[in-house]
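Each chain is listed here by its residues.
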Amino acid sequence: MRYSALSLLWNGLRGNRDWKPAWRQPQPKPHYDVIIVGGGGHGLATAYYLAKEFGIANIAVLEKNYIGSGNVGRNTTIIRSNYLLPGNNPFYELSMKLWEGLERDFNFNAMVSQRGVLNLYHSDAQRDANMRRGNAMRLHGVDAELLDTDEVRRMVPFLDFDNARFPIKGGLLQRRGGTVRHDAVAWGYARGADSRDVDIIQGCEVTGIRRENGRVTGVETSRGFIGCGKLALAAAGNSSQVARMADLKLPLESHVLQAFVSEGLKPFIDGVITFGAGHFYVSQSDKGGLVFGGDIDGYNSYAQRGNLATVEHVAEAGKAMIPALSRLRVLRSWGGIMDMSMDGSPIIDRTLIDNLYLNAGWCYGGFKATPASGFCFAHLIARNAPHETATAFRLDRFQRGYLIDEKGQGAQPNLH
Amino acid sequence: MASLVPCPHCGSRPKEEFTVKGAALKRPSPEAGADAWFDYVYLRDNPRGGYEEYWHHTAGCRRWLIVDRDTATHQVTSCRDAASASAKEHGA
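Residues numbered from 1 in each chain as written. Chains lettered and ligands numbered in written order. Predicted model: local features only at pLDDT ≥ 70, side-chain atom pairs only at ≥ 80, totals over all residues. Heavy atoms only, no water.

A. Layout of the packing of aromatic side chains. Following the criterion strictly, the structure yields 24 aromatic pairs over all chains and no others. Centroid distance F398 of chain A to Y42 of chain B: 5.5 Å. Interplanar angle 50°. Geometry classified as tilted. Note that F398 of chain A is positioned in helix α10 (residues 397–400) and Y42 of chain B in helix α1 (residues 34–42), a pairing that runs across two chains. A relative accessible area of 3% places F398 of chain A in the buried class. On the numbers, 5.9 Å between centres and 45° between planes, the contact of F38 of chain B with Y42 of chain B is tilted. Of this pair, F38 of chain B and Y42 of chain B both sit in helix α1, four residues apart, which is roughly one turn of that helix. Since its relative accessible area comes to 15%, F38 of chain B is described here as buried. Aromatic ring contacts, followed pair by pair, group Y3, W19, Y48, Y49, F54, F106, F108, Y189 and F375 of chain A into a single cluster. Sitting over the face of the ring of Y3 of chain A, R191 of chain A holds its NZ or CZ atom 3.7 Å from the ring centroid. (Phe/Tyr/Trp six-rings, centres within 6.5 Å; stacked < 30°, edge-to-face > 60°. Helix = DSSP H or I, 4+ residues; strand = E, 2+ residues; numbered from the N terminus. Buried < 20%, exposed > 50% of the residue type's maximum accessible area, 1.4 Å probe, protein only. Lys NZ or Arg CZ within 6 Å of the ring centre and 35° of its normal.)

B. Structural view of the environment of G178 of chain A. Residues and elements named next belong to chain A. Within the fold, G178 resides in strand β7 (residues 178–179). The exposure class of G178 is buried, given its relative accessible area of 0%. Considering only alpha carbons, one finds G178 and G87, 91 residues apart in sequence, at a separation of 22 Å. When residues no more than four places from it in sequence are discounted, the contact partners of G178 are T77, I78, I79, S113, Q114, R115, G116, V117 and V272. (Contact = heavy atoms within 4.5 Å.)

C. Representation of the pattern of salt bridges. Residue and element names in this part refer to chain A. Evaluated as defined, the whole model comprises 28 salt bridges over all chains. Among the salt bridges present, the one from R127 reaches D124, with a minimum N-O distance of 3.8 Å. Separated by three residues within a single helix, R127 and D124 lie in helix α4 (residues 124–139), roughly one turn from each other. In this structure R127 comes out as partly exposed when scored by relative accessible area, which is 30%. For D124, a relative accessible area of 51% puts it in the exposed group. Because the salt bridges share partners, they merge into one network encompassing E93, K97, E100, D143 and R176. (Salt bridge = Lys/Arg side-chain N within 4 Å of Asp/Glu carboxyl O.)

D. Focus on the interface of chain B and chain A. Facing the 22 residues of chain B at the interface are 26 residues of chain A. Buried surface at the junction of chain B and chain A, summed over both partners, amounts to about 2200 Å²; 46% is from carbon and sulfur atoms. Interface area lost by chain B to chain A is led by Y42, R44 and N46 of chain B, which between them contribute 31%. With its nearest N and O atoms 3.0 Å apart, the salt bridge here joins K249 of chain A to D39 of chain B. Taken together, the connections running from chain B to chain A amount to 15 residue pairs in polar contact (both at pLDDT 80 or more). (Buried area = accessible area lost by both parts, 1.4 Å probe. Polar contact = N/O pair within 3.5 Å; in protein donor to acceptor, adjacent residues only side chain to side chain.)

Written out as structure tokens, the structure is:
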């Protein structure tokens with residue numbers, strides 16, 4: 001069923017009794033041309049674009065829990081394409097362009113809201129770094145504006161501009177950045193893929209990868225063996241676990257990242273604001289709650305919950321930026337498991353096994369990349385060649401010395 | 001994350017006193033070759049379960065420790081001094 005204003009009105013008048021489930025609950029078939037492991041944003045987007053843009057039929061997405069139960073439903077919903085390095089920037093800009101047309105493309109309201117992303121700076125050196133990044137963005141055709149203190153003050157007068165330690169000197173603004181309702185991204189892609197006959201199989205955990213003569217022939221799952229022509233891994237924080245089933249050791253560590261939502265407030269913060277002196281980012285949802293987060297906890301973790309020391313750290317950074325947050329009540333906090341790569345950039349590549357494809361290493365920037373990640377991964381799976389915007393995300397770049405180290409931290413994932 | 005860490009020098013101490021470095025890997029010899037060094041610098045087992053890590057007791061004895069911790073439950077099963085563990089390995 002195609003959603004439209006008319007279908008909404010019609011079903012509303014009939015008491016909303018005739019809506020159909022947005023996707024099926026199929027039984028696994030014995031064999032698929034392509035199996036995607038992981039029913040998160042990236043896995044579902046991959047299935048959607050494989051079916052829609054690359055003409056592959058007979059696809060399954062295997063999800064051990066329910067779709068949207070992982071990081072696609074746990075992030076702080078921010079989208080932006082304000083990257084510095086040439087290996088990253090065109091890819092994230094492709095993602096931004098796909099976000100801009102996404103709702104029309106998959107006929108689902110994902111509440112894409114381009115309210116602007118403002119990165120603050122607090123010193124001359126930081127201003128220079130932001131100017132450099134802004135210039136790099138503009139050279140790639142991405143919008144960027146460098147604001148001084150007065151311009152920031154007019155936009156967001158409630159910041160602590162005269163903070164003794166970290167006075168706010170201005171900010172780098174990307175007006176096309178913003179937020180997207182993250183659950184709707186998973187649902188929209190799932191519905192779009194399902195309507196193109198992709199089987200989305202929930203509650204189906206992959207427990208082994210069967211190989212013969214150096215090729216993958218299928219996966220052992222909690223619902224039995226399923227054969228496949230090509231196997232694509234998009235397992236985010238569990239990537240190392242799944243890859244180990246094929247004897248692959250990845251340049252990844254799994255870390256927990258927390259996110260928070262406050263009680264509902266009247267309209268307060270229009271766009272996304274990030275602190276330059278610490279790691280803190282905040283936006284306000286349409287329901288009124290402030291959605292915010294900070295650094296990863298800093299230790300390897302597979303537990304989807306974090307630690308109080310980080311809660312305190314995030315709250316302090318938030319209060320240093322916006323003193324008015326001091327009496328805010330936090331309603332919920334939660335954690336997601338990040339696949340932290342060794343240079344802070346992702347991997348979309350083939351592996352040493354001929355028909356095994358890998359999509360991993362999204363660190364804590366995976367949500368904004370969802371459409372481009374799906375599109376480029378689908379391109380790779382269908383054509384066995386990387387998409388032109390994703391040629392730098394190679395698995396062997398660590399060995400060959402072609403790192404994409406946006407932050408310049410080195411192979412120390414808890415610093416990225 | 002475990003709340004209390006059994007430091008071999010200071011006894012049971014709150015985790016806030018420590019800084020986590022990451023995987024406690026055995027450093028290859030300088031002549032080990034590019035593959036061994038690549039493995040050491042970039043590749044990780046990243047297990048769900050027991051994991052040996054270097055922790056620094058920053059606000060305590062300031063010794064480097066090897067903490068054996070479960071990455072899913074955060075239970076700490078052992079904590080020993082990194083220098084004496086290394087000395088034992090090398091038969092010193």
